[in-house]
Amino acid sequence: MHIVPGSEFRRSIASLAAATMFFGSLAQPLPALAFSLINPPAAQPGAASKPAQQNNDKPIEQALEAPSKALPMPDPLVKSQAGQTSNSAATADAPNNGKSVEIIYDISKVPEPVRKLRETIVEAAASGDLERLRPLMNIGGGLNQTQVTADDPGEDPIKTLHDLSGDSDGIEILSILLDILSSACAHVGQGTPNEMYVWPYFAEKDIKTLTAPEKVDLMRIVTAGDFSDMLEFGGYNFYRVGITPDGKWKFFTSGE
C-alpha cells in the first residue's frame, strides 16, 4: 500500500492529539485543602489556658473565702504588768504579815524629798566612789544615821559597806545599790511613825506570791539560787533601802 506524504503528516498530528488527550485525562486536579487544615490558627492568648487558669484559681479563691483554721497570732511578747502602765502611779498589794503595802512604779508619784534623795544616791553610786555616799548618811547622827547593820548604830557606815563589798574598792556594793534603786518601791506604814518608802518592793511582798514578771524583776538583783533560798527562808533577805517621807536615808541593810 502506497502512502502519500500528506496523509502521513495528518496521521502524526492525529496521534499526537490522541496522546495529549490521554495524558491530560490522567492529570486531574487534586481537591483543594482548606488553608486552615494545612496551617491551623495559633491559639489565642488566654483562650486555651483560660479554663486551666480558672481551675488553678479556684482553690485560691476557696482558701481566701473559707474561715481561717490557722492558729491565732500570739499576744505581744512583753506586756505591761498590772499597775505598771505609764499612767499608773501605784497598786495596792495584799498585806504582808498584816501590813498595808502600796507598790509604786512611777517614781514621780513619791514625795519630792524622797525622789530627790533617791536621785542623789543613784548619782553617787554610779560614780564608783563609795565616799560620795558619806554626806547622805548623816554620819554621827546617832539613831538618825543611816543603818547598814543591826549590830552597832554608831559604826562608820562607809567602812562597813567597804568591808561588805566583794572587791577592794566597794564597786560591788555600789552596783547592788543601783540595782536595788532601779526597781519599784513599796510604801509601808502610811500614817504611822514608821512610814517608809522601801526598795526593792519585793522586801514588802510575800515572796511565794510573786508573778512571773515580778520574778524577772527580782532576778535582775539576785540569782535563781538566791530565790530558792528566799523561798525556804520565807521572805526576801537581800539588800534593801529605806527612805522616810521627809527624805532621810533610814537604812541600807540585808536580811529580813
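Residues numbered from 1 in each chain as written. Predicted model: local features only at pLDDT ≥ 70, side-chain atom pairs only at ≥ 80, totals over all residues. Heavy atoms only, no water.

Caption draft 1: View of the packing of aromatic side chains. Applying the stated criterion to the full structure yields six aromatic pairs. Note on F238 and Y239: the rings are 5.1 Å apart at their centroids and 80 degrees apart in plane angle, and the pair reads as edge-to-face. Overall, the relative accessible area of 9% leaves Y239 in the buried class. Here the aromatic cluster, defined as three or more aromatic residues joined through ring pairs, consists of Y105, Y201, F202 and Y236. (Phe/Tyr/Trp six-rings, centres within 6.5 Å; stacked < 30°, edge-to-face > 60°. Buried < 20%, exposed > 50% of the residue type's maximum accessible area, 1.4 Å probe, protein only.)

Caption draft 2: The packing of helix 4 (residues 112-126) against helix 6 (residues 171-181), seen in detail. As a packed pair, helix 4 and helix 6 sit with axes 9 Å apart at the nearest point and diverge in direction by 145 degrees. Note that helix 4 runs across helix 6; the crossing there is left-handed. Two secondary-structure elements touch here, helix 4 through R118, I121, V122, A125 and A126 and helix 6 through L174, L177, L178 and L181. (Axes fitted to C-alpha atoms, helices over the stretch in contact; angles between N-to-C directions. Helix = DSSP H or I, 4+ residues; strand = E, 2+ residues; numbered from the N terminus. Left-handed = near helix turned anticlockwise from the far one by under 90°. Contact = heavy atoms within 4.5 Å.)

Caption draft 3: Representation of the confidence of the model for the chain within the structure. Taken as a whole, the chain shows an average pLDDT of 75; of its residues, 59% reach a score of 70 or greater. Per-element averaging of pLDDT across the chain places helix 2 (residues 35-38) at the bottom with 42 and strand 4 (residues 196-199) at the top with 98. Under a pLDDT of 50 for its full length, residues 29-43 has, in the predicted model, two contacts with residues more than four places off or in other chains. Contacts for the low-pLDDT stretch residues 45-88, under 50 throughout, to residues beyond four places or in other chains number 14 contacts. (pLDDT = per-residue confidence, 0-100.)

Caption draft 4: Main features of unusual backbone geometry. Here the bond from W199 into P200 is cis, since omega is -10 degrees, no more than 30 degrees from zero. Positive phi, close to 50 degrees, is recorded for N138, a residue that is not glycine. Residue placement: N138 occurs in the loop between helix 4 and helix 5 (157-164).

Caption draft 5: Quick peek at the pattern of salt bridges. Enumeration over the complete set of coordinates arrives at eight salt bridges. In this structure, K116 and E112 form a salt bridge, with 3.1 Å as the shortest nitrogen-oxygen distance. Within this pair, K116 and its partner E112 are both found in helix 4, separated by four residues, close to a single helical turn. Looking at K116, the relative accessible area reads 46%, which means it is partly exposed. Judged by relative accessible area, E112 falls into the partly exposed class, the value being 43%. Among the ionic pairs, D163 bridges to K159, the shortest N-O distance being 3.1 Å. Here D163 and its partner K159 are both found in helix 5, four residues apart, which amounts to about one turn of the helix. (Salt bridge = Lys/Arg side-chain N within 4 Å of Asp/Glu carboxyl O.)

Caption draft 6: Representation of the nonpolar core within the structure. If you look at the biggest cluster of nonpolar residues, it comprises 47 residues, and the most contacted ones within it are I121, L133, L177, W199, Y236, V241 and W249. For this core, the element with the most residues is helix 6, which contributes six residues. If we ignore the near neighbours within four places in the chain, the residues touching W199 are I107, V114, R118, I180, L181, S183, A184, C185, R240, V241 and I243. (Core = buried A, V, L, I, M, F, W, Y, C linked by side-chain atoms within 4.5 Å.)

Caption draft 7: Representation of the environment of S254 in the model. Examined against the element boundaries, S254 turns out to sit in the segment after strand 6 (249-253). For S254, a relative accessible area of 44% puts it in the partly exposed group. Spatially, the C-alpha atom of S254 lies 9.2 Å from that of Y236, the residues being 18 residues apart in sequence. Setting aside its immediate chain neighbours within four residues, S254 contacts N237, F238 and Y239.

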